[in-house]
Amino acid sequence: MAKDPYQALGVSKSASLKDIKSAYRKHAKANHPDAKPGDEAAARRFQEVATAYSILSDKDKRAAFDRGEIDGDGNPRGPFGGMGGGRHPGGGAQRGPSAEDIFAEFFGGGHAGGFSDLFGGGRAGGANPQARSPRRQGANVNYTLSISLARAIEGGEERVQLQDGSMIDVKIPAGIRDGQSIKLSGKGSAGAFGGPPGDAVISVSVRPDPRFRALGDDLETDLAVPLGTAIHGGSLLCPTVTGQVKLNIPAKSSSGKVMRLRGKGRPKKSGGRGDLLVKLLVELPYEDPAFEKFAKKFAGSQADVDDQTR
C-alpha cells in the first residue's frame, strides 16, 4: 500500500504548494539515483516522493485524495476502484469505469426501453436484444503515467499495466511536456453488442528534476566551482539530462557567470533543442587557514584603497 503522500513528503495537510515543492526538491535531491547509485532503498524513496508530489502538486488529485476518492498511488478507492486499471511504478490508472460504464458493457446501458424492452419482456415471443440494440463503443479508460525529465526529453518506452491486468510498452515521444496525453486506440473498455472497444488515454506527468530548472525550451543548472579553478581555469564535469559532460571553465570566472551548452535543453516544437545554461557558483575554502590569511590581507588592502579614494 502506498504511503500517505503528506507523510512521504513530511508536510502537513495544510501545506502550501510552495511548501510541497520545497519538500519534494529536498527529498528528491537527497535520494536521486545519481547521488546514490546502486542504493535500492534510496531509489524506492525517490519513487515514493515522486508519486506523492504528483498527487499533492495537482489541485484536483490532492482534493480527491483528501476526500478519500483515491489512494496514495493515485488509484481510485471504492467498490469499483480495482476495475479501473492497474498501475506500474511510474504511474497508475486515474479512474476505473463507473457503475454506468460496467452496466453498458454487459447490458447496453442507456437503452430507451429499460430492462423489459432490452430482454423482450411484454412482446410476443420476445426479441433478440442484440438485433434491436445499436452497437455501442466501450468507454475510454484514463491512466496517469509519471516519467522522469530525461525520459520526457529523450523519449523511449515505459511499461503500463492496463485494466485487464495485461502489461503494455507505451512509446513516449521525445519532447513530451507535462500534462500532455497519449492515446492507445482500442485499449479501453469492451464495447457492447459488438461495438468497438474504447481507448486508453494516458496523461503524462513529468517529475521535476531537482538538478534542473525549466526556462521554456532551455534548462538551467548550478555548478559548484573550486576557487582555484575559478581563478586559473580548468575543466569540470557538468550534469546534463542525458549524463555528465566536460565543461571548460575560463580563468578569472566569477560566481554567477552563466555558460551555455548548446543543444542540451528540451526539444523545440520548431525542431532542434534548447540549451543548458550553467550558472557557476564559486566555492570559497573558508576552512583553509591560508585562504583566511589571504582574505584578511586582501580586505586590509581594499580598505586602504577605499581610504585613498575618499
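Bear in mind the structure is a predicted one, so any value in this text is a computation, not a measurement. (Residues numbered from 1 in each chain as written. Predicted model: local features only at pLDDT ≥ 70, side-chain atom pairs only at ≥ 80, totals over all residues. Heavy atoms only, no water.)

Per the secondary structure count, the protein chain includes 10 helices and 13 strands. Relative to its 310 residues, the protein chain shows a buried fraction of 38%. By sequence separation, contacts in the protein chain at least 24 residues apart represent 50% of the contacts at least 6 residues apart. Carbon and sulfur atoms form 52% of the exposed surface of the protein chain, whose accessible area is close to 17500 Å². (Helix = DSSP H or I, 4+ residues; strand = E, 2+ residues; numbered from the N terminus. Buried < 20%, exposed > 50% of the residue type's maximum accessible area, 1.4 Å probe, protein only. Contact = heavy atoms within 4.5 Å. Areas by Shrake-Rupley, 256 points an atom, 1.4 Å probe, with all protein chains shown as cover.)

Turning our attention to empty space enclosed by the protein. A full pass over the atoms with the stated rule returns one cavity of 30 Å³ or more. Considering only enclosed or pocket space, the largest cavity measures out at about 30 Å³ in volume. Taken together, Leu149, Ala152, Ile153, Gly175, Ile176, Arg177, Arg266 and Pro267 make up the lining of the largest cavity. A breakdown of the residues in the lining of the largest cavity according to their chemical character gives five nonpolar, one polar and two charged. (1 Å grid on protein atoms, 1.4 Å probe; cavity = no way out; pocket = protein on both sides within 12 Å on 5 of 7 lines; lining within 4 Å. Points joined across faces, edges and corners; volume = space filled by probe spheres on them. Nonpolar A, V, L, I, M, F, W, Y, C, P; charged D, E, K, R; others polar.)

Within this model, the largest pocket holds a volume of roughly 630 Å³. Every residue lining the largest pocket is counted, 28 residues in all, and those nearest its centre are Tyr53, Asp178, Val206, Arg207 and Pro208. Elements with a contribution of two residues or more to the lining of the largest pocket: α2 (17–31), α3 (40–56), β7 (200–206) and β8 (213–215). Residue composition of the lining of the largest pocket, grouped by class: 12 nonpolar, seven polar and nine charged.

Let's shift gears to unusual backbone geometry. A positive phi angle is found at Lys252, which is not glycine, with a value near 60 degrees. Assignment of secondary structure puts Lys252 in the loop between β11 (243–249) and β12 (258–261). For Lys252, a relative accessible area of 75% puts it in the exposed group.

Here we take up the sheet that holds β8. Ordered in space as β8-β9-β13-β12, the four strands form an open sheet in which the pairing is mixed. Every other strand in the sheet has two partners, leaving β8 and β12 as the edge strands with one partner each. Across the sheet, the axes of successive neighbouring strands diverge by a mean angle of 35 degrees, strand direction being ignored. Two strands pair when backbone bridges link them, and strand β9 (residues 218–226) and strand β13 (residues 276–283) are joined in this way by eight bridges, in the parallel orientation. In the strand pairing of β13, Val225 is matched with Val282. (Pairing = 2+ DSSP bridges. Axes fitted to C-alpha atoms, helices over the stretch in contact; angles between N-to-C directions.)

For the rest of this paragraph, the subject is the environment of Lys187. Relative to the helices and strands, Lys187 is located in the loop between β6 (181–184) and β7. A residue is classified by how much of its surface remains accessible, and Lys187, at 38% relative accessible area, is partly exposed. As a C-alpha pair, Lys187 and Leu162 span 25 residues in sequence and 7.9 Å in three-dimensional space. Once residues lying within four places of it in the same chain are set aside, the contact partners of Lys187 are Leu162, Ile168, Gly198, Asp199 and Ala200.

We now examine the confidence of the model for the protein chain. Regions with low pLDDT should not have their predicted coordinates read in detail. Chain-level pLDDT for the protein chain is 79 on average; 78% of the residues reach the 70-or-more range. Taken element by element, the protein chain is modelled with least confidence in helix α5 (residues 99–107), mean pLDDT 37, and with most confidence in β12, mean pLDDT 96. Contacts of residues 80–131 to residues separated by more than four positions or lying in other chains number 103 contacts, the stretch itself having pLDDT below 50. (pLDDT = per-residue confidence, 0-100.)

This part takes up α3. An ideal rise of 1.5 Å per residue puts 24 Å on 17 residues; α3 measures up with 24 Å between its terminal C-alpha atoms. All buried positions along α3 are accounted for by Ala42, Phe46, Val49, Ala50, Thr51, Ala52, Tyr53, Ser54, Ile55 and Leu56. (Expected span 1.5 Å × (residues − 1).)

This next bit is on the packing of α3 against helix α4 (residues 59–66). Running from N to C, α3 and α4 point in directions that differ by 100 degrees, and their axes come no closer than 6 Å. When the interaxial angle is binned, α3 and α4 end up roughly perpendicular. On the side of α3, the interface is formed by Ser54, Ile55 and Leu56, while α4 contributes Lys61, Arg62 and Phe65. Class assignment for the residues of the contact of α3 with α4 results in three nonpolar, one polar and two charged. (Parallel < 35°, antiparallel > 145°, perpendicular 65-115°, else oblique.)

With that settled, consider the environment of Val282. Position of Val282 among the secondary structure elements: in strand β13. When sequence neighbours within four positions are dropped, the list of residues in contact with Val282 reads Val225, Leu227, Ala230, Ser253, Ser254 and Ser255.

For the rest of this paragraph, the subject is the pattern of salt bridges. All told, the structure shown has 11 salt bridges when counted by the stated rule. Linking Arg151 and Glu158 is a salt bridge whose minimum nitrogen-to-oxygen distance equals 3.0 Å. Between Asp222 and Arg213 there is a salt bridge, with the nearest N and O atoms lying 2.9 Å from each other. The exposure class of Arg213 is partly exposed, given its relative accessible area of 29%. (Salt bridge = Lys/Arg side-chain N within 4 Å of Asp/Glu carboxyl O.)

Look at α2 against α3: their axes get within 9 Å of each other, and the N-to-C directions meet at 160 degrees. Our classification of the angle between α2 and α3 gives roughly antiparallel. For the pair α2 and α3, the crossing hand works out as left-handed. Note on element contacts: α3 touches α2 through Ala42, Arg45, Phe46, Val49, Ala50, Tyr53 and Leu56, opposite Ile20, Lys21, Tyr24, His27, Ala28 and Asn31. (Left-handed = near helix turned anticlockwise from the far one by under 90°.)

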